[in-house]
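Commentary on secondary and tertiary structure
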Amino acid sequence: MALTEECQLQKLPDLFYPNPNPTSSLCPTLPLVGPQFYPWVSSAPSSPSIFHFTVTRGFQGAAEEIPAGIPLFLQHRSSTKSQIIRYWQYPVEEHEVETEDSYILILIRIPYGRMGNNASARRPIVFLQHGLLVTSITWVSNLPNNSLGFLLADAGFDVWMGNSRGTTYSLKHAFLSTHSKQYWAFSITELALYDLPASIDYIVKKTGQKIYYVGHSQGCTLGFVAFSTLPKLAQEVKVFFALAPIFYVQKIRSLPFILLLRLPKPLSRVLLGDKDFLPVIALNKFLATFICNNDVTSVICGQTIFAVFGFDPENLNISRTDVYVAHNPAGTSVWNILQYSQTWEHNLRSKEKRSTCISITDVLRLCTPVLFTALLRYTFYRKIQPIFQGYDWGSPNQNLAHYNQTIPPVYNVSTMEVPTALWSGLRDLLADPKDVSVLIPQIPKMIYHKILPVFDHLAFIWGINGPQEIYYEIIKMIKGTP
């Protein structure tokens with residue numbers, strides 16, 4: 001039985017040299033050259049802009065891996081990370097990397113684009129780091145002309161995608177089981193100071209080149225922590241492209257996340273436990289296959305997801321909702337979530353102290369010398385600046401085991417020497433514009449900042465107009481970097 005699909009073509013900008021073909025198909029085929037070249041295409045184009053064809057299951061390749069009963073063009077719901085990439089006819093490699101603390105991570109590589117683009121040539125290295133509760137699949141979840149991972153490969157880059165420990169594709173350890181508490185005893189700090197160096201060092205040694213780093217959400221958090229703390233690692237990064245950067249969470253507006261961050265400590269231990277948080281489960285596949293897979297329910301599913309992160313219905317690709325639901329959330333450690341909670345709570349307490357301190361200095365101004373008052377006011381303000389710090393494990397001994405010091409370290413972005421380009425959205429409920437405005441002045445080598453008025457948190461990776469607003473700019477910046 002064959003399936004019929006209609007696929008549109010989109011003219012790509014001149015940024016996509018050295019690709020000799022100016023078109024990129026939305027379908028799982030190479031640019032239109034006719035059925036004589038691709039045996040699974042059984043009909044010729046009917047117009048210059050629309051290509052109607054029939055895909056036959058007999059094609060030798062990714063189509064043979066489709067489970068019975070699942071439509072070919074919705075295969076992504078049940079696919080693994082590499083199957084999705086192969087499905088769109090891109091080359092793919094999987095690499096295992098062991099961290100200093102013995103976690104085993106999976107790196108995904110798309111070494112070149114669908115046209116080959118001189119496959120043996122040396123090409124710039126771009127490393128993509130996903131955000132909280134997702135995996136490398138976020139970079140290839142949309143169609144090829146709308147997914148950053150695919151666009152970068154077609155533009156002539158060697159694309160690598162990381163998978164943080166504790167997520168769906170990086171659950172291995174040299175000797176710990178995921179059933180043990182010890183396996184899950186990590187926070188954002190470990191992701192930044194162990195996972196990121198292991199991944200980047202491996203890529204640099206493998207390719208002999210420095211990298212361009214693209215982070216989304218928590219992927220930005222990891223970059224800020226790692227590159228400000230590890231100067232040697234920062235030297236391996238040419239440019240840091242930060243999408244919807246999260247660092248301070250003082251002004252977060254997402255109600256579900258606010259409720260999560262506000263959980264009292266005893267209650268959070270009962271509700272969240274002490275291991276993993278929101279891993280991919282059978283329910284994801286059920287929702288993707290039976291609930292979020294039609295025109296009506298996919299809209300409901302999509303709007304529910306985006307309402308958590310910021311609402312931008314015009315920029316939501318409803319047809320991909322089942323793919324998003326099938327693979328996300330992808331899990332992390334409970335302590336990862338609690339580190340955000342501690343940071344939020346600390347900054348909230350600091351805000352309350354600020355109100356008290358300001359009123360005290362106003363009184364003192366009436367009865368003390370001006371110089372003393374100014375010094376006092378400066379001291380108060382210095383202490384209440386929002387911070388991002390390591391997770392406090394509850395005792396000096398445990399903190400010593402994690403940080404080699406008895407108190408959690410505070411991470412200072414102002415020491416980061418990596419040139420940084422940043423994109424933020426005004427509808428983003430997680431990377432709130434006010435938090436971003438506090439972050440921006442602290443980045444010493446800010447080379448570009450673009451504010452997107454209608455972008456929510458997920459639009460940076462899944463938005464329909466992501467290429468036009470962000471991805472083409474990234475490609476142009478990389479091509480213009482010496």
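Predicted, not measured: the structure shown is a model, and the values here were computed from it.

The rules behind the values
Residues numbered from 1 in each chain as written. Predicted model: local features only at pLDDT ≥ 70, side-chain atom pairs only at ≥ 80, totals over all residues. Heavy atoms only, no water. Helix = DSSP H or I, 4+ residues; strand = E, 2+ residues; numbered from the N terminus. Buried < 20%, exposed > 50% of the residue type's maximum accessible area, 1.4 Å probe, protein only. Contact = heavy atoms within 4.5 Å. Areas by Shrake-Rupley, 256 points an atom, 1.4 Å probe, with all protein chains shown as cover. Core = buried A, V, L, I, M, F, W, Y, C linked by side-chain atoms within 4.5 Å. Pairing = 2+ DSSP bridges. Right-handed = clockwise from strand over helix to strand, strands pointing away. Polar contact = N/O pair within 3.5 Å; in protein donor to acceptor, adjacent residues only side chain to side chain. pLDDT = per-residue confidence, 0-100. Salt bridge = Lys/Arg side-chain N within 4 Å of Asp/Glu carboxyl O. Phe/Tyr/Trp six-rings, centres within 6.5 Å; stacked < 30°, edge-to-face > 60°. Lys NZ or Arg CZ within 6 Å of the ring centre and 35° of its normal.

Let us now look at the overall build of the protein chain. A count of helices and strands for the protein chain gives 16 helices and 14 strands. Looking at the protein chain residue by residue over its 482 residues, the buried ones come to 54%. Put simply, 73% of the contacts in the protein chain that link residues at least 6 apart link residues at least 24 apart. Here the protein chain displays about 20,800 Å² of accessible surface, and carbon together with sulfur accounts for 60% of that area.

The next point concerns the nonpolar core. In terms of nonpolar packing, the biggest core is built from 111 residues, with Tyr 213 and Phe 227 touching the most fellow members. Looking at which element gives the most residues to this core, the answer is helix H3 (residues 188–207), with eight residues. Among all residues touching Phe 227, those that are not within four sequence positions of it are Leu 196, Ile 200, Tyr 213, Leu 233, Ala 234, Val 237, Phe 240, Met 416 and Val 418.

The pairing of strand E13 (residues 420–425) with strand E14 (residues 446–452) spans six bridges and is parallel. Directly across from Ala 421, in E14, lies its bridge partner Tyr 448. A crossover connection joins E13 to the parallel E14 through helix H14 (residues 433–439); in handedness this β-α-β unit is right-handed.

Let's shift gears to the side chain of Ser 170. Among the structural elements, Ser 170 can be located in the loop between strand E7 (158–161) and strand E8 (172–173). Assessed through its relative accessible area of 1%, Ser 170 is described here as buried. Of the polar contacts made by the side chain of Ser 170, one reaches the backbone nitrogen of Ile 106; its length is 3.1 Å. From its side chain, Ser 170 meets the backbone oxygen of Asn 163 in a polar contact 2.9 Å long.

Positionally, Asp 276 belongs in strand E11 (residues 276–277). In this structure, the C-alpha to C-alpha distance between Asp 276 and Thr 332, residues 56 residues apart in sequence, is 5.6 Å. In this view, Asp 276 contacts Trp 184, Thr 332 and Val 334; residues no more than four positions away in its chain are not counted.

Residues of the protein chain with pLDDT of at least 70 account for 68%, and the chain-wide mean is 78. Confidence over residues 1–78 falls short of pLDDT 50; this stretch has 156 contacts with residues more than four positions distant or in other chains. Every residue in residues 355–359 scores below 50 in pLDDT, and together they form three contacts with partners more than four places removed in sequence or on other chains.

The subject of this paragraph is the pattern of salt bridges. Within the structure shown, the criterion is met by 10 salt bridges. Here Asp 101 ties to Arg 165 by a salt bridge, and the two come within 2.8 Å at their closest N and O atoms. Highlighted residues: Asp 101 in the loop between strand E4 (93–98) and strand E5 (103–110) and Arg 165 in the loop between E7 and E8, separated in sequence by 64 residues. A residue is classified by how much of its surface remains accessible, and Arg 165, at 1% relative accessible area, is buried. Ionic contacts of the salt-bridge type, sharing partners, join the residues Glu 93, Arg 109 and Asp 158 into one network.

Considering all chains together, one arrives at 25 aromatic pairs under this definition. Each ring, one from Trp 335 and one from Trp 393, has its centre 5.5 Å from the other, and the planes form 45°; the classification is tilted. Pair noted here: Trp 335 is in helix H11 (residues 334–364) and Trp 393 is in the loop between helix H12 (370–383) and helix H13 (396–403), with a separation of 58 residues, a long-range link. The burial state of Trp 335 is the same as that of Trp 393; both residues are buried. Look at Tyr 391 and Trp 393: their rings are 4.8 Å apart centre to centre, the planes differ by 85°, and that puts the pair in the edge-to-face class. Side by side, Tyr 391 and Trp 393 carry an identical accessibility label, which is buried. Through pairs of rings, three or more aromatic residues link up here, namely Phe 127, Tyr 213, Phe 224, Phe 227, Phe 240, Phe 247, Tyr 248, Tyr 340, Phe 388 and Tyr 411. The aromatic ring of Tyr 103 is capped on one face by Arg 165, whose charged end is 3.9 Å from the ring centroid.

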